[in-house]
Structures are given as C-alpha cells and as structure tokens.
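Structural overview
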Amino acid sequence: MMAEEVKLFRSWSSPFPLRVIWALELKGIPYEVILEDLSNKSSLLLHYNPIHKKVPVLVHNGKSIAESLVILEYVEETWKQTPSLLPEDPYERAMERFWAKFGDDKVLPSLWNVFIKQGKDQEEAMVPAQENLTYLEELLRGKNFFSGERIGFLDLAFGWLANMVSVFEEVMGATVLDNQKLPSLSAWMKNFMDAPIIKESWPPRDKLITKHQALRQAHIEKEAPK
Amino acid sequence: MVDEVVLLDLWASMFGMRVRIALAEKGVKYEYMEDDWRNKSDLLLKMNPLHKKVPVLIHNGKPVCESLIIVQYIDEVWKDKSPLLPSDPYQRAQARFWADFVDNKVYGVSRRVWATKGEEQEAAKQEFFEIFKILEGELGDKPYFGGETFGFVDIALVTFYSWFYVYETFGKFSIEAECPTIIAWAKRCMQKESVAKTLPDQKKVLESLLSS
C-alpha cells in the first residue's frame, strides 16, 4: 500500500480545523499540520482552496478537500477503522447532519451576535442564542454525548461550544449559557473539554482571550454612534 | 412492510424540487402534500418545529428536513437504484462541497436579484454572474457536475433553472448571454424525466410570484 500523505491546513485559533484534528486523532491517522496565518495566507492554501480561501483544508495524497463537515465525512469514509464517527442507520445519520447544520447556520452566529454586542443590543441578541442552546439541551437529554454513548460526528461538530462559550463569557463579562437551566449541555461541555485527545488540542486560553478581547472591542467601536 | 413516504412541499420551492427529483430518480412512490406558505399547516409545524419550512420528507412517520440532507437520506435508504452520490470518497467530498456552495451562494444572491432594486440589485447581478461563472468553471466540459452521470450537485443546482425567467425579468439580463454553458447543462438535465416532470414552467413561476 502506498504511503499515505495527509496534510491539514489550520490556523492556531480557528475551531473548524480542530474538528478534523479530533477526527484524525481519534482514528489514529498520522498527519502533518500546516499552520496558516490567516492575515497572510500562503499561496499553497490559496491553491488548495481557491473558492473559499479558508482553513481547514485536508490534502490527502495531493488531493484537497475543504469545508470541515465535508472533510469529517471524507475521513469517516476513507479510514473505516474504529471509532466510527457516524451511525450506520440512515435516519440517525440524517439527524446528525441536520443538527450539525443547525449548529453552524444558527447556533454559532447567534452566540457570536451576543459576543460582539453590548447593552440593550446584547440583551436582545441573548434571546435567540439561548433558545438555540435550549434545543441542544433537549437533544442531549438522557445521553452522555450528542452521538450517544461516545464521541461522534455531532460532538465534533459542536465541540467548539465546549471551549468558546467560556471564552466569550469571560471576555464580554456576561453569561449566555446558564448552567442551572442547561444541566445536560453543561455536563457535556465538561466531559468533552476533558476527554482524551480533545483536551490536548485546545489553543492556549490566554491567547484566545486576548484575541477575542480585540475582536469584541473592534466590533463595539464599529457600532458606536459617531 | 410497505414504505410510507410523504413529502410536505411548495410547488415552486427549488429546495422541494430537489427532493422530488431524487424520489423520481429512485422510483419511490410517495404522497405529495402542498403546504401554504401564508398559513403553515399543523403537520409542517409538528414535523419541522425548528425551521417551520418545507421540504419535509416523512418516512414511516419520521421527518427528515433540509433538502440536501433529505437527498442524501434518499440515496442511502433506496440504495439499490440510480446512485445520486458517487461511490468514491473523494468524489463524494467534491459533490458535497459543491452542493454546499450552491446552497450557501446561489439562493441568497438570486433572491437579491429579484427582491432588491437600484444599487443593491446591481451588486447582486454582478455577484450572480461571478457565482455562476465559478460553477461554469467547475462544470467544465463535463456533461454533468458529477461527470458522465447526473448526480447530487446537478440536483442541487438545476432546480434554480425554473426560476431563471424570474431572475432575468427582474434583473433585466440574459443568463444565456453570460453563462451559455450553464444553460446548455440545464437543458441537458431537462431531458431527464425526473427533472422535466418536476421543474415547473418558468413563466408559471414568474406569474405566481407576481400574483402573490
């Protein structure tokens, strides 16, 4: 069998490449990391992802795949060893894909919208964000992980929550995820945060805090009445 | 056990059309239920409480939502006939990537072409052609996006063809003039029974929009 060459383009902080790292690590697939500075993208990244020019990009034996959830499905289908990331049953698979899409299309933007605002604007933004988190709480009820008994596709898709919610809350000095109201989600966040492989992967928290302080400040200044 | 398949849909929804094409490709018998976008049915609200949108496929009582997710589901359940996605993982990844691109880019810009005016519309028109030129580039000289056979990306995109007359009328442009390869591809897809029987007449779509 020919030597596998697996490369992953990532940035130090973006949560989307982390999904792929988790998948590769969980399946024990050796890979090389190419660290990108997103303010100064390499010509190689632009060559491999000309359409979106973003990370992550997986390059497997010279062929590139972009979009983190697409890459996760590719990893699952290419390296069939355990653990399997997606369920066998087509209905269960459809459910995981549906909720992963909800996470990216709705949950993340709604939390970001809380994060970049203040005062009354932030209060208003809290409503849809907390509603979205409540859906996740219901989804988790009675389960240890979104995918069931162990970490799977949907946990990897929501993994950013485990880390980023507390970063957002610390930077903005407000709580969006009420542990009392969302006990299953809070428990999942802790379990995922501390899980083997996952816990070694988080970007340095102090750097994340500094970066997000600057981001929030920039957004607030932009919106400030002149 | 006999499969019970119900589709909640709107006849002019390019998203619902994707599901109808997939079901037709697979020869699946189903009950079509036309919803009313001005007065959403209790069934829709029950089956898609999160988004409250069509299409919803209800298979033996269990709902599946989001058109591309439904199409993949159909491909995986009725897997013995007319594969909609390729079997090779890399080709599958490319198909998912481009179907995603269609979802994220084509709908939004198309809507702005017909729903906005003035500068906003001009910007939308420009973006519309940029996006379709990218799609033309990806198609190249292949008969279909998937290569020799009609597949996932073709299904994702061709349904917008039924709205081209709307975009051209409001945008005052000709899509064929700018993107002849796309028009040729769409007409090729229309030769397929599943597509021809699903896509409504372009003028009917415009009339319905104007009278709503």
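Every chain's residues receive numbers from 1 upward, in the order its sequence appears when written. Written order decides the labels, with chains lettered from A and ligands numbered from 1. With pLDDT at 70 or above as the cut-off, local features in this predicted model cover only qualifying residues; side-chain atom pairs require 80 or more to be listed or tallied, and sums for whole chains, interfaces and linings still use all residues. Excluded from the side-chain calculation are hydrogens and water; included are all heavy atoms of the structure.

1. A look at the side chain of A:Ser14
Residue and element names in this part refer to chain A. Stated precisely, the cut-off is as follows: Helix and strand assignments follow DSSP, with helices taken as H or I runs no shorter than four residues and strands as E runs no shorter than two, numbered in order from the N terminus. Each residue gets one of three labels from its accessible area relative to the maximum for its type: buried under 20%, exposed over 50%, partly exposed in between, using a 1.4 Å probe on protein chains only. Polar contacts here mean pairs of N or O atoms no more than 3.5 Å apart (in protein, one a potential hydrogen donor and the other a potential acceptor; neighbouring residues in sequence count only if both atoms are side-chain atoms).
In this structure, Ser14 sits in the loop between strand 1 (6–10) and helix 1 (15–26). We classify Ser14 as buried; its relative accessible area is 12%. Polar side-chain contacts of Ser14 include one of 3.3 Å to the backbone nitrogen of Phe16.

2. Describing the UniProt feature "domain: GST N-terminal" (unreviewed entry) in chain A
Convention followed: UniProt positions are given in the numbering used here, feature names are shortened, and annotations may be inferred rather than shown by experiment.
Per the UniProt record, "domain: GST N-terminal" (unreviewed entry) is annotated on residues 4–83 of chain A. For residues 4–83 of chain A, the helix share is 36%, the strand share is 21%, and the end-to-end C-alpha distance is 19 Å.

3. Regarding the pattern of salt bridges
Close approach of charged atoms allows side chains of opposite charge to pair. This is how the line gets drawn: Within this document, salt bridges are pairs made up of a side-chain nitrogen of Lys or Arg and a carboxyl oxygen of Asp or Glu, the two lying within 4 Å of each other.
A full pass over the atoms with the stated rule returns 24 salt bridges over all chains. When salt bridges that share partners are traced, they join A:Glu73, A:Glu77, A:Arg93, A:Arg97, B:Glu76, B:Arg92 and B:Arg96 into one network.

4. Let's talk about the sheet that holds strand 3 (residues 56–59) of chain B
Residues and elements named next belong to chain B. Stated formally: A strand pair is defined by DSSP finding two or more bridges across the two strands. A fitted line through C-alpha atoms serves as each axis, taken over the contacting stretch for helices, and the angle formed by two N-to-C directions is quoted from 0 to 180°.
Spatially, the 4 strands line up as an open sheet ordered 2-1-3-4, and their pairing is mixed. The two strands at the open ends of the sheet, each matched to only one other strand, are strand 2 (31–34) and strand 4 (62–65). Taking the axes of each pair of neighbouring strands and ignoring which way they run, one obtains an average angle of 20° across the sheet. Where strand 1 (residues 5–9) and strand 3 come together, 4 bridges link them in antiparallel fashion.

5. Structural notes on the pairing of strand 2 (residues 32–35) of chain A
All names here are of chain A. Going by this rule: With strands facing away from the observer, any crossover in which the path from the first strand over the helix to the second runs clockwise is taken as right-handed.
Pairing between strand 1 and strand 2: 4 bridges, direction parallel. Bridge pairing in strand 2 links Lys7 to Glu32. A crossover connection joins strand 1 to the parallel strand 2 through helix 1; in handedness this β-α-β unit is right-handed.

6. Things to note about the interface of chain B and chain A
To keep things clear, this is the line we draw: Any two residues whose heavy atoms approach within 4.5 Å are treated as being in contact. Here the quantity called buried area is the accessible surface, traced with a 1.4 Å probe, that two parts lose on coming together, added over both. Only Asp, Glu, Lys and Arg are considered charged, only Ala, Val, Leu, Ile, Met, Phe, Trp, Tyr, Cys and Pro nonpolar, and every remaining residue, Gly among them, polar.
Across the boundary between the two partners, chain B contributes 25 residues, which contact 24 residues of chain A. Across the chain B to chain A interface the summed buried area is about 2300 Å²; carbon plus sulfur atoms make up 68%. Counting the surface chain B buries against chain A, the share from its top three residues, B:Leu50, B:Tyr90 and B:Phe97, is 27%. At the junction of chain B and chain A, the tally comes to 6 salt bridges. Those elements giving two or more residues to the side of chain B that touches chain A turn out to be strand 4, helix 3 (67–77) and helix 4 (89–115) of chain B. With 11 residues, the single largest contributor to the side of chain B that touches chain A is helix 4 of chain B. The class makeup of the residues in the side of chain B that touches chain A is 15 nonpolar, 3 polar and 7 charged.

7. Side note on helix 7 (residues 164–171) of chain B
Residue and element names in this part refer to chain B. Quick note on the threshold: Directions pointing from the helix axis toward each C-beta atom define the arc.
Among all positions of helix 7, only Phe164, Val166, Tyr167 and Gly171 are buried. Buried residues along helix 7 cover an arc of 160° about the axis, so they all sit on one side. Buried residues along helix 7 sit against helix 1 (14–26), helix 4, helix 5 (118–139), helix 8 (175–178), helix 9 (180–190) and helix 11 (202–211). A positive backbone phi angle near 55° is found at Lys172, which sits one or two residues after helix 7.

8. Section: the domain arrangement of chain A
Residues and elements named next belong to chain A. The line we're drawing: Each domain span listed reflects an automatic or database assignment of domains.
Entries for chain A in the domain assignment read domain 1 (6–78) and domain 2 (90–223). For domain 1 and domain 2, the distance between their C-alpha centroids amounts to 22 Å. The partner domain 2 presents 20 residues to the 13 residues of domain 1 that form the contact. Taken together, the two surfaces of domain 1 and domain 2 that pack against each other cover about 1600 Å², and 72% of this comes from carbon and sulfur. When the buried area of domain 1 at its contact with domain 2 is split by residue, Trp12, Arg19 and Trp22 rank highest and sum to 41% of it. Taken together, domain 1 and domain 2 are joined by 2 salt bridges. As a salt-bridge pair, Asp104 and Arg19 come within 2.6 Å of each other at their nearest N and O atoms. Remark: the boundary between domain 1 and domain 2 carries 5 residue pairs in polar contact (both at pLDDT 80 or more). Only helix 1 and helix 3 (68–78) provide two or more residues apiece to the side of domain 1 that touches domain 2. Looking at which element gives the most residues to the side of domain 1 that touches domain 2, the answer is helix 1, with 8 residues.

9. What about a positive patch on the surface?
Quick note on the threshold: Within the patch definition used here, like charges are joined within 9 Å and nonpolar side chains (Val, Leu, Ile, Met, Phe, Trp, Tyr) within 5 Å, considering only residues with over 30% relative accessible area and no salt bridge. We get accessible surface area from the Shrake-Rupley algorithm with a probe of 1.4 Å; when it comes to residues, only the shown protein chains can shield them. Neither His nor the chain termini are counted; the positive set is Lys and Arg, and the negative set is Asp and Glu. Where a charge sits is defined by one atom per residue type, namely NZ (Lys), CZ (Arg), CG (Asp) or CD (Glu).
A cluster of basic residues, A:Lys41, A:Lys53, A:Lys54 and B:Lys105, forms a positive patch on the protein surface. Residue placement: A:Lys54 occurs in the loop between helix 2 (43–48) and strand 3 (57–60).

10. Digging into the domain arrangement of chain B
Residue and element names in this part refer to chain B. For chain B, the domain assignment lists domain 1 (5–77) and domain 2 (89–211). In this structure, domain 1 and domain 2 have C-alpha centres spaced 21 Å apart. Between domain 1 and domain 2, the contact holds 13 residues from the first and 25 residues from the second. Taken together, both faces of the contact between domain 1 and domain 2 bury some 1700 Å²; the carbon and sulfur share is 71%. Contact with domain 2 buries area across many residues of domain 1, yet Trp11, Met14 and Ile21 alone supply 35% of it, more than any other trio. Counting across the domain 1 and domain 2 interface gives 2 salt bridges. Asp103 is paired through a salt bridge with Arg18; the nearest N and O atoms lie 2.8 Å apart. Inspection of the domain 1/domain 2 interface yields 6 residue pairs in polar contact (both at pLDDT 80 or more). Those elements that provide at least two residues to the side of domain 1 that touches domain 2 are helix 1 and helix 3.

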